[in-house]
Amino acid sequence: MDAAALRELRGLLGERLVEGAERLTRVSADASHLACVPAACALPRDVSEVQAIVRWARRHRVPLVVRGGGTSLDGESVPVPGAVVVDLSGWTSIHEIDPVDRIARVAPGVVNRTLQEAAAVHGMFFPPNPGSWRTSTLGGNVSTNASGPRSFRYGPTRAWVRAAEVVMGTAERVALGGRSAKRSTGPDLLQLMIGGEGTLGILTEITVGLLPRPPRRCALAVPIPEARSLGTVAATLARGLSWGLSALEYLDAACAAALSNTPGARLPGDRPLLLLEIESVDADDEAVRLSALSGMLRNAGLSEDPLVFPDADQLWTLRGSSGEALDRALGPRIREDVGVPLGRIDEYLQELARIAEETGARTCLYGHLGEGSLHPNVALAPGTPRGEEIRSRLLETAVRLGGTLSAEHGIGLVKAAAWERSVGDEGRRVLRAVKDACDPDGILNPGKVLRVPEVDRGRGPSPGASVAGRTPPA
Ligand SMILES: Cc1cc2nc3c(=O)[nH]c(=O)nc-3n(C[C@H](O)[C@H](O)[C@H](O)COP(=O)(O)OP(=O)(O)OC[C@H]3O[C@@H](n4cnc5c(N)ncnc54)[C@H](O)[C@@H]3O)c2cc1C
């Protein structure tokens, strides 16, 4: 970026412009294996400053990468070369919780856990609970359409966004959606922002729906024999939704072993496990539901007594650290996030077994089984030709089986090319028109889910190609 442009931005933000490689390290990476030190990091204090930054970026054609908690897994929040990071993690105000309208109106930097704690005071909760709930922000959750164990019952973040205030790539400020629970007013522009990964606009305020907290929740860990067909188990237990089952998770034996080594885990580590959650009204209701669940477990061929966790969130926090447990057990690896229809899960597992046999690499799989949201892992280094070839195979198999190449984490840098291939020429044309309307200069998070090759080319090397590799923490 030219020095005059940077001077102009410094004039605009003063000390709220962070510069210098050392100070920028914090915002140079996310939880993927990628990193790239940006040109600077802006800490705007209000919406008009965000608009001023966008106007400046348009004038000088500088890429802007919005950042929340920086926990994304595919390079969604990794800066592209020459970019200015717009860090909104300091925007942590909960403007309003309204138990009558059942909404929370928050700044985008509010951490998921903080919102849960604030809603609990009113006897409410925000259903999406990604494993990163202690560190990821609402801005990031909405922009990646995050989900978690309880999404089996309540759906992903998309289902809970009521309204947003957005600064578009044109610098216009728009208000989308409203406070009411239902809306049937034609094509929904708000939905475009959800999962947009900061490529269409910058969310400066978010209104989400809340629900009354269920009076009781308990979580269970159920060992399952290696030989059981996982697809049959998934399809049988998914019917438990009508019996208060609110989470249906799976850990294969390798993942259960890795997680059981976490201090305080209290999990058996020698077999695959199902992790379940049951919601109920009171102790009697819980007993009825547990008995119905036992019947379903027997129908699915599972006879061992479950281990009960009275504090379900404790189990979900532990489950959310599966990736870190596998960092310790397997080291750098291809870790994926695909969606597969329940009826095709066994075919997906067969492909993973073939990959293990052909490559000799250790593999493991876990995920939100009730929704076919699977995380296959293969212990091959990301960024290497062999590793990336296996990644493509993991993604293409999911799509071939009628699924999708991301069930929850998003596209980012890692899957941008695979995503473009999967939407085809027609899909690309429409997405391109949307991008042009929202961000005509292609300044918002280029190289990610909505790429504008001509604009990217004008800036030099493709951002995806020139981002430096980084070894994930062991
Ligand atoms: C240990 C661990 C467990 C995880 N578990 C889950 C899980 O269970 N389910 C799941 O879905 N994901 C999970 N993730 C992935 C990640 O936490 C989610 O994608 C999360 O939603 C990212 O939020 P963030 O605040 O960290 O966003 P960031 O990483 O900062 O940003 C993510 C994307 O959103 C954009 N963005 C951020 N804020 C804004 C804004 N205000 N306006 C516009 N765009 C914005 C960024 O530009 C980027 O493209 C996990 C990650 C880790 C490290």
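Residues numbered from 1 in each chain as written. Predicted model: local features only at pLDDT ≥ 70, side-chain atom pairs only at ≥ 80, totals over all residues.

1. Concerning the overall build of the protein
Okay, step 1: Along the backbone of the protein there are 17 helices and 21 strands.
Okay, step 2: Judged by the C-alpha coordinates and their principal axes, the protein covers about 70 × 55 × 45 Å.
Okay, step 3: Within the protein, counting contacts between residues at least 6 apart in sequence, those at least 24 apart form 71% of the total. (Helix = DSSP H or I, 4+ residues; strand = E, 2+ residues; numbered from the N terminus. Contact = placed C-beta atoms within 7 Å.)

2. Details of the packing of helix 9 (residues 253-260) against helix 12 (residues 322-330)
Okay, step 1: Between helix 9 and helix 12, the least distance of the axes is 8 Å, while the angle of their chain directions is 95°. When the axis of helix 9 is compared with that of helix 12, the two are roughly perpendicular. Residues Cys 255, Ala 258 and Leu 259 of helix 9 form the contact with helix 12, whose own contacting residues are Ser 322, Ala 325, Leu 326, Arg 328 and Ala 329.
Okay, step 2: Here the residues of the contact of helix 9 with helix 12 sort into six nonpolar, one polar and one charged. (Axes fitted to C-alpha atoms, helices over the stretch in contact; angles between N-to-C directions. Parallel < 35°, antiparallel > 145°, perpendicular 65-115°, else oblique. Nonpolar A, V, L, I, M, F, W, Y, C, P; charged D, E, K, R; others polar.)

3. Regarding the domain arrangement of the protein
Okay, step 1: With domains assigned, the protein is organised as domain 1 (3-87), domain 2 (94-212), domain 3 (216-322), domain 4 (331-414) and domain 5 (416-439 + 447-456).
Okay, step 2: The straight-line distance from the C-alpha centre of domain 2 to that of domain 3 is 28 Å.
Okay, step 3: In this complex, domain 2 contributes nine residues to the contact, which on the side of domain 3 involves nine residues.
Okay, step 4: Here the side of domain 2 that touches domain 3 is built from residues that sort into three nonpolar, four polar and two charged. (Domains from an automatic or database assignment.)

4. Quick word on the environment of Val 85
Okay, step 1: Note on placement: Val 85 falls in strand 5 (residues 84-87).
Okay, step 2: Separated by 47 residues in sequence, Val 85 and Pro 38 place their C-alpha atoms 6.7 Å apart.

5. As for the environment of Ala 235
Okay, step 1: When you line up the elements, Ala 235 lands in helix 8 (residues 230-238).
Okay, step 2: For the pair formed by Ala 235 and Arg 391, sequence separation is 156 residues and the distance between their alpha carbons is 26 Å.
Okay, step 3: Among all residues touching Ala 235, those that are not within four sequence positions of it are Leu 342 and Gly 343.

6. Side note on the sheet that holds strand 3 (residues 40-42)
Okay, step 1: Within the open sheet, the four strands sit side by side as 1-3-5-4. Their pairing is mixed. The sheet terminates laterally at strand 1 (17-18) and strand 4 (64-67), the two strands that pair on one side only.
Okay, step 2: Bridge count for strand 1 against strand 3 is two bridges, and the pairing is antiparallel. Residue pairing across strands places Leu 17 opposite Ala 42, the latter belonging to strand 3. (Pairing = 2+ DSSP bridges.)

7. Let's talk about the site of the ligand
Okay, step 1: Near the ligand you find 38 residues, and of these Gly 68, Gly 131, Gly 139, Gly 140 and Gly 198 are the closest.
Okay, step 2: Take the shell around the ligand: its biggest share by element is five residues, from helix 5 (residues 138-144).
Okay, step 3: In terms of residue class, the shell around the ligand is made up of ten nonpolar, 23 polar and five charged. (Near = placed C-beta within 6 Å.)

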